[in-house]
Amino acid sequence: MPSVRRRTGTLRAVTGAALAGALLLSGCGGDESDSAATTTRKPARPTTTVQQTGERKPAAATVAVDDMKFSPADVTVKVGDTVTWKFDDKVPHTVQGIGDKAMGINSPILDRGEWSYTFTTPGNYRYLCSLHPEMRGSITVQ
C-alpha cells in the first residue's frame, strides 16, 4: 500500500502545481492595470431610456455575424454598454480582440447564437474573426 499513497501524494502535488501555474498565467495579460471589460453570454436587453434622475441606463448594440462579415463593422457605444454579436452563417466564426486592451474579447467558435461583451473602459477596441482574419471590426467606447 505505500506505493499507492506515494502515487496519490505525487498526483496531488502535480495537480496543485498545475493549478497554481494556471492561476498565475490567467492573471497575466498586458501592461494595463484596469480590467477592460466583463464577458457575458446572456442576451442583452436593448434600451436607451434615460431615468428621471438623469442617470443613463446601459444600452446595447448588436453586430450581425453573417455572410463572412461583421455588420456594422464599426460601432460606437458608451462606457457600461453591452455589444452582442449575433451569429447566423453557414460557417463558424469568432470575435477575437486585437491588442492588449481588447484581450478580454474572446468569443467561442459559433455559427449560430449570440455572444455579448460589456465595455467598462473608454477606448477603441479592434477585433477580428480568428478563423477568417479578413473579417474585422471595431468598437469605440466613449
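Residues numbered from 1 in each chain as written. Predicted model: local features only at pLDDT ≥ 70, side-chain atom pairs only at ≥ 80, totals over all residues. Heavy atoms only, no water.

Trainee: Is there a simple way to explain the side chain of Ser138 in this structure?
Mentor: Among the structural elements, Ser138 can be located in strand S9 (residues 132-141). Sequence-distant contacts of Ser138, that is, excluding residues within four places in its chain, are made with Ala73, Asp74, Val75, Asn124, Tyr125, Arg126 and Tyr127. (Helix = DSSP H or I, 4+ residues; strand = E, 2+ residues; numbered from the N terminus. Contact = heavy atoms within 4.5 Å.)

Trainee: Would you explain the sheet that holds strand S4 (residues 74-77) in this entry?
Mentor: The strands that make up a sheet are held in pairs by hydrogen bonds between backbone atoms, and each pair lies either parallel or antiparallel. Spatially, S4-S9-S8-S6 is the arrangement adopted by the 4 strands of the open sheet, whose pairing is mixed. Both outer strands of the open sheet, S4 and strand S6 (96-98), are each paired with one neighbouring strand and no more. Each strand of the sheet is rotated relative to its neighbour by a mean of 30 degrees, with strand direction disregarded. Pairing geometry for strand S8 (residues 123-129) and S9, over 7 bridges, is antiparallel. In the strand pairing of S9, Gly123 is matched with Val141. (Pairing = 2+ DSSP bridges. Axes fitted to C-alpha atoms, helices over the stretch in contact; angles between N-to-C directions.)

Trainee: Please clarify how the pattern of salt bridges should be interpreted in this entry.
Mentor: Oppositely charged side chains may form a pair once their charged atoms are brought near each other. Summed over all chains, the structure comprises 2 salt bridges. With a closest N to O distance of 3.4 Å, Lys86 and Glu114 form a salt bridge. Of this pair, Lys86 sits in strand S5 (residues 82-93) while Glu114 sits in strand S7 (residues 110-119); the two residues are 28 residues apart in sequence, bridging distant segments of the chain. As a salt-bridge pair, Arg112 and Asp88 come within 3.0 Å of each other at their nearest N and O atoms. Remark: Asp88 occurs in strand S5 and Arg112 occurs in strand S7; sequence separation between them is 24 residues. (Salt bridge = Lys/Arg side-chain N within 4 Å of Asp/Glu carboxyl O.)

Trainee: Would you explain the nonpolar core in this entry?
Mentor: Inside soluble globular proteins, nonpolar side chains tend to come together where they are buried. With 22 residues, the main nonpolar core has Phe70, Trp85, Phe119 and Ile139 as its most contacted residues. Broken down by secondary-structure element, the contributors of at least two residues to this core are strand S2 (60-66), S4, S5, S7, S8 and S9. It is S7 that contributes the most residues to this core, 4 residues altogether. Leave out the neighbours within four places in its chain, and Ile139 touches Val75, Val77, Val83, Trp85, Phe119, Gly123, Asn124, Tyr125 and Tyr127. (Core = buried A, V, L, I, M, F, W, Y, C linked by side-chain atoms within 4.5 Å. Buried < 20%, exposed > 50% of the residue type's maximum accessible area, 1.4 Å probe, protein only.)

Trainee: How should I be thinking about the pairing of S2 in this particular structure?
Mentor: Consecutive side chains along a regular strand alternate between the two faces of the sheet. Burial along S2 is one-sided: the face carrying Ala61, Val63 and Val65 is buried and the face carrying Ala60, Thr62, Ala64 and Asp66 is not. Pairing analysis gives 6 bridges linking S2 to S5, with the strands arranged parallel. Note that in S5 the partner of Val63 across the bridge is Trp85. Of the strand pairs in this sheet, S2 and strand S3 (residues 69-71) are connected by 3 bridges, and their pairing is antiparallel. Paired with Asp66 across the two strands is Lys69, which belongs to S3. In this antiparallel pair of consecutive strands, S2 and S3, the connection spans 2 residues, and Asp67 shows a positive phi of 55 degrees.

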